[in-house]
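If you want the building blocks of each chain, they are given just below.
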Amino acid sequence: MLVFMEPLDMERRVIEAAEALARSLGNDPNHTVAAAAMDTNGRIHTAVNVFHFTGGPCAELVTLGVAATAEAGPLVAMAAAGDGGRGLISPCGRCRQVLLDLHPDILVAVPTVAGPRMRPIAKLLSDTYFFPDTQAKRVFSFNRRYYDAVVSGRKTSSVRWDEQIAVGPAIFYFEDDAECPPLRGEILEVQRYRLSDLTPERLRLLNGEATEGYLEGLQRHYPAMPPDAFVDIVDFQVIPSGLDHASMNS
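Residues numbered from 1 in each chain as written. Predicted model: local features only at pLDDT ≥ 70, side-chain atom pairs only at ≥ 80, totals over all residues. Heavy atoms only, no water.

Caption draft 1: Molecular detail of the nonpolar core. Leu 64, Leu 75, Met 78, Leu 99, Ile 106, Val 108 and Ile 121 are the most contacted members of the largest nonpolar core, which totals 21 residues. Elements with a contribution of two residues or more to this core: β1 (33-39), α2 (59-69), β3 (75-82), α3 (93-102) and β5 (107-110). Among the elements that line this core, the one with the most residues is α2, at four residues. Ignoring anything within four residues of it in the chain, the contact list for Val 108 reads Met 78, Pro 91, Leu 99, Arg 117, Met 118, Arg 119, Ile 121 and Leu 124. (Core = buried A, V, L, I, M, F, W, Y, C linked by side-chain atoms within 4.5 Å. Buried < 20%, exposed > 50% of the residue type's maximum accessible area, 1.4 Å probe, protein only. Helix = DSSP H or I, 4+ residues; strand = E, 2+ residues; numbered from the N terminus. Contact = heavy atoms within 4.5 Å.)

Caption draft 2: A look at the packing of aromatic side chains. Within the structure shown, the criterion is met by nine aromatic pairs. Seen from their ring centres, Phe 142 and Phe 172 are 5.5 Å apart, and the 70° between their planes marks the pair as edge-to-face. A residue pair is termed long-range when its members are at least 10 positions apart, and Phe 142 in strand β7 (residues 139-143) and Phe 172 in strand β9 (residues 168-175) qualify at 30 residues. Among the residues examined, Phe 142 registers a relative accessible area of 2% and is labelled buried. Through pairs of rings, three or more aromatic residues link up here, namely Phe 140, Phe 142, Tyr 147, Phe 172, Phe 174 and Phe 236. Over the ring of Tyr 146 we find Lys 155, and its NZ or CZ is 4.6 Å from the ring centre. The cationic tip of Arg 160 hangs over the ring face of Phe 142; the distance from NZ or CZ to the ring centre is 5.4 Å. (Phe/Tyr/Trp six-rings, centres within 6.5 Å; stacked < 30°, edge-to-face > 60°. Lys NZ or Arg CZ within 6 Å of the ring centre and 35° of its normal.)

Caption draft 3: Quick look at α2. What α2 keeps buried is the set Ala 59, Glu 60, Leu 61, Thr 63, Leu 64 and Ala 67. Considering only its buried residues, α2 is in contact with β1, β2 (44-48), β3 and α3. Trailing α2 by a residue or two, Glu 71 shows a phi angle of about 55°, which is positive.

Caption draft 4: Quick look at α3. Taken residue by residue, α3 has Cys 95, Arg 96, Leu 99, Leu 100 and Asp 101 as its buried positions. The inward-facing, buried residues of α3 abut α2, β3 and β5.

Caption draft 5: Spotlight on the environment of Leu 215. On the secondary structure map, Leu 215 appears in helix α5 (residues 211-221). Apart from the residues within four sequence positions on either side, Leu 215 is in contact with Leu 195 and Leu 198.

Caption draft 6: Inspection of the pairing of β9 at higher detail. In terms of residue burial, β9 counts as a mostly covered element, since six of its eight residues are buried. With five bridges connecting them, β9 and strand β10 (residues 183-194) associate as antiparallel partners. The residue of β10 that forms the bridge with Ile 171 is Arg 184. (Pairing = 2+ DSSP bridges.)

Caption draft 7: Inspection of the confidence of the model for the chain at higher detail. Per-residue confidence for the chain averages 92 on the pLDDT scale, and 95% of its residues sit at or above 70. Segment residues 245-250 is flagged for pLDDT under 50; beyond a separation of four residues in sequence, or across chains, it makes nine contacts in the model. (pLDDT = per-residue confidence, 0-100.)

Below, the structure is given as structure tokens:
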């Protein structure tokens, strides 16, 4: 199933950064594509490709190196643009696999007839293969309106559809809001249910909230979700400052 998302404001900044750098490239045949990526702190990292007949790296891969040099951590958005007014371009197959392995939760900007759209990297590869030894850091994203509830511990579960969620440490990222810094956290458990099998208890609903109303809101959040879909109930916790993942489990 194709999943396209309208870019958020901060994601548009990534696209604009890539396009601005591409416009500055001039006529150098060795540098024809620019890329930009954003980390969980909202910093944008940019770079250009290095063409060479032996297989020089694409702009996206050079950008990963630039971001790593800056100790950026996991990246949440990526865009690339071509010189000569070509505008936004999609990543090649090699870049898609590298992004999936090193930054499995990144969203990638792709051109469509309706304008730029964001796609999860896993959706840009069919029958996805994950390289098992990359030890990639994971990102668990939230709408920014949940920041206070997550920080305070009032919110410790979330329902997700068609997302790749893994148990273990993660960075909790709050979308499109530089005022909400990322948090260190842990995914404790992921339980999968069909929509029709959800109950108030499984949804962790409090104060008599009805399942029907919750599901209506979930459908608005995931408009492409079919009525017979399976969803994941994700339990999580914030790791208190000064503790690491190992000490939390000792």
